[in-house]
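Okay, here's what each chain looks like letter by letter:
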Amino acid sequence: MRTIGHFIDGVETTGSSTEFQDVFNPATGEVQARVALATKADLDAAVASASAAQPAWAATNPQRRARVFFNYVALLNQHMDELAELLSAEHGKTFDDAKGDVLRGLEVAEFVAGAPHLLKGAYTEGAGPGIDMYSMRQPVGIGAGITPFNFPAMIPLWMLSPAIAAGNAFILKPSERDPSVPVRLAQLAIEAGLPKGVLNVVQGGKATVDGILEHEAIAAVSFVGSTPIARYVYATAAANGKRVQAFGGAKNHMIIMPDADMEKAADALMGSGYGAAGERCMAVSVAVPVGDATADKIIAALRPRIDALKVGPATDRASEMGPLITAAAKSRVLGLVDKGVEQGATLVVDGRDFSLQGYEGGFFVGPCLFDHVTTDMDIYKEEIFGPVLSVVRAKNYEEALELPSKNPYGNGVAIFTRDGDAARDFAARVNVGMVGVNVPVPVPVAYHSFGGWKASSFGDLNQYGTDSMQFWTKVKTVTTRWPSGIKDGAEFQFPTMK
Ligand code: NAD
């Protein structure tokens with residue numbers, strides 16, 4: 001059986017690992033590989049490699065560093081199909097969706113090719129008598145990234161690209177559930193001209209994460225995953241004196257106003273609710289039609305679409321939705337659907353018994369649609385992370401606005417309407433970080449930035465965009481005065497501008 005190793009000092013290796021974890025093919029349920037779980041010695045080896053490589057990388061002028069990213073983007077494009085196939089095979093998402101995963105990561109690698117401009121400091125001439133002042137951005141040193149299973153290419157690329165372009169060495173700890181693509185991303189980075197040691201990958205679970213959070217040599221940690229672990233990583237890394245940003249789970253609502261184009265709104269709900277089997281932090285899991293007439297119309301538009309949804313393995317290029325990541329994820333989602341029924345929601349479409357000939361062992365759950373969901377139900381309160389769409393009927397616009405605003409999560413939200421006034425008011429007032437107007441998955445482009453509010457994000461800087469350059473660098477400010485500006489004699493008062 002294939003063993004997936006770490007990537008340390010430019011080579012794939014199982015290092016000193018003695019423990020391994022199964023990696024499944026989610027479409028068949030079979031074990032297809034095993035991944036090495038890092039020991040403390042493996043992490044130390046990655047840190048040693050990073051420490052050795054980082055000073056020379058930081059001293060490489062930013063334009064040369066950026067050139068590596070030009071090459072990297074070209075290589076990622078060249079290997080797009082290979083990466084997408086590898087990704088689908090371990091994650092289960094469809095081939096086209098997997099390409100999107102790579103592409104949205106690649107766009108951040110493209111963005112950081114502009115790092116020389118993004119890293120420029122500021123200069124003030126004559127800040128005082130004979131005094132000039134300038135600031136510069138210096139790398140934090142060694143950064144680490146801990147990433148979730150649901151975007152095994154995109155999120156590692158969101159982190160490693162700005163961290164490395166800013167002159168840091170980077171240690172990636174990907175999800176142990178789909179660990180192959182991150183290793184391939186590291187190999188391609190070396191092929192693009194990145195010196196070995198600037199990017200290392202250590203595989204593992206909680207023990208490896210704890211090793212990172214405790215490691216004295218690691219200066220900054222970026223985390224993406226579920227909210228309980230995000231809270232833990234944020235608190236632990238901060239307590240250990242590290243710079244940290246931690247992004248968590250979500251419960252994204254889509255408001256459907258009575259004037260919306262129902263066909264377009266239904267299409268949007270299909271893609272955002274059932275795309276990637278609902279395993280997206282920007283998935284819409286709650287539809288909020290305003291008024292009963294709107295609710296009835298949207299459900300009528302959804303039903304035939306759900307019936308026609310093609311669920312299958314990624315190897316079938318016609319599949320529109322794949323399986324869940326693990327058997328545990330499947331039973332958790334099924335358990336939540338059972339709870340929804342017990343707690344009184346109307347299960348309009350029941351995907352619990354879905355089965356596919358030849359793939360009976362796969363972790364498939366068919367699309368489920370609930371109506372008359374209320375905010376006290378578990379299917380509303382929990383992030384389901386499966387192909388389950390809940391309809392919560394709102395009486396009016398204010399009630400609809402209140403639902404996402406009061407929800408503990410605040411990642412994404414959307415409104416579907418033809419009314420510009422309503423859309424503008426919604427965007428201004430909703431208490432959520434990323435808003436779509438007639439856009440169901442409002443993931444900002446690479447030169448803006450990605451981050452939710454409330455329990456979806458801990459820390460104050462977002463992923464990618466100029467925020468990422470700030471996160472991965474420290475500001476140093478230099479005040480200069482040359483002899484002609486210095487008066488004779490000591491001055492004992494605190495320096496002020498008179
Ligand atoms: P997860 O929290 O289980 O795992 C994320 C990472 O943390 C993995 O690398 C994992 O190995 C590690 N980890 C798991 N348990 C740990 C523990 N007890 N202590 C320390 N580390 C631990 O998340 P997941 O299931 O891989 O990913 C899905 C979650 O990620 C969803 O909640 C989703 O909403 C969220 N997500 C958020 C964003 C965002 O940007 N806000 C993006 C993608 C996914």
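What you are looking at is a predicted structure, and each value in this text was computed from that prediction instead of being measured. (Residues numbered from 1 in each chain as written. Predicted model: local features only at pLDDT ≥ 70, side-chain atom pairs only at ≥ 80, totals over all residues. Heavy atoms only, no water.)

**Digging into the domain arrangement of the chain**
For the chain, the assigned domains read domain 1 (2-248 + 456-478) and domain 2 (252-437). One C-alpha centre belongs to domain 1, the other to domain 2, and the line joining them spans 31 Å. In this assembly, 22 residues from domain 1 lie in contact with 24 residues from domain 2. Approximately 1800 Å² of surface area, both sides summed, lies buried where domain 1 meets domain 2, with 63% of it carried by carbon and sulfur atoms. Close ionic contact of Arg-317 with Glu-85 constitutes a salt bridge, the shortest N to O distance being 3.0 Å. If you look at where domain 1 meets domain 2, you find six residue pairs in polar contact (both at pLDDT 80 or more). (Domains from an automatic or database assignment. Contact = heavy atoms within 4.5 Å. Buried area = accessible area lost by both parts, 1.4 Å probe. Salt bridge = Lys/Arg side-chain N within 4 Å of Asp/Glu carboxyl O. Polar contact = N/O pair within 3.5 Å; in protein donor to acceptor, adjacent residues only side chain to side chain.)

**Quick notes on the side chain of Ser-17**
Locating Ser-17 in the fold gives a position in the loop between strand E3 (11-13) and strand E4 (19-25). A distance of 2.8 Å separates the side chain of Ser-17 from the side chain of Asp-42, its partner in a polar contact. When sequence neighbours within four positions are dropped, the list of residues in contact with Ser-17 reads His-6, Ala-36, Leu-37, Ala-38, Thr-39 and Asp-42. (Helix = DSSP H or I, 4+ residues; strand = E, 2+ residues; numbered from the N terminus.)

**Some details on empty space enclosed by the protein**
Under the definition given, this model contains two cavities of 30 Å³ or more. Its volume calculated, the largest cavity comes out at about 100 Å³. Lining the largest cavity we find 15 residues, and of these Gly-278, Ala-283, Ser-285, Glu-383 and Phe-385 sit closest to its centre. When its residues are assigned to classes, the lining of the largest cavity shows seven nonpolar, five polar and three charged. Of the pockets and cavities examined, the second largest cavity occupies roughly 40 Å³. Taken together, Val-68, Phe-69, Tyr-72, Leu-160, Ile-164, Ala-189 and Leu-194 make up the lining of the second largest cavity. When contributions to the lining of the second largest cavity are tallied by element, the ones reaching two or more residues are helix H2 (62-78) and helix H6 (154-165). Broken down by element, the lining of the second largest cavity gets its largest block of residues, three residues, from H2. (1 Å grid on protein atoms, 1.4 Å probe; cavity = no way out; pocket = protein on both sides within 12 Å on 5 of 7 lines; lining within 4 Å. Points joined across faces, edges and corners; volume = space filled by probe spheres on them. Nonpolar A, V, L, I, M, F, W, Y, C, P; charged D, E, K, R; others polar.)

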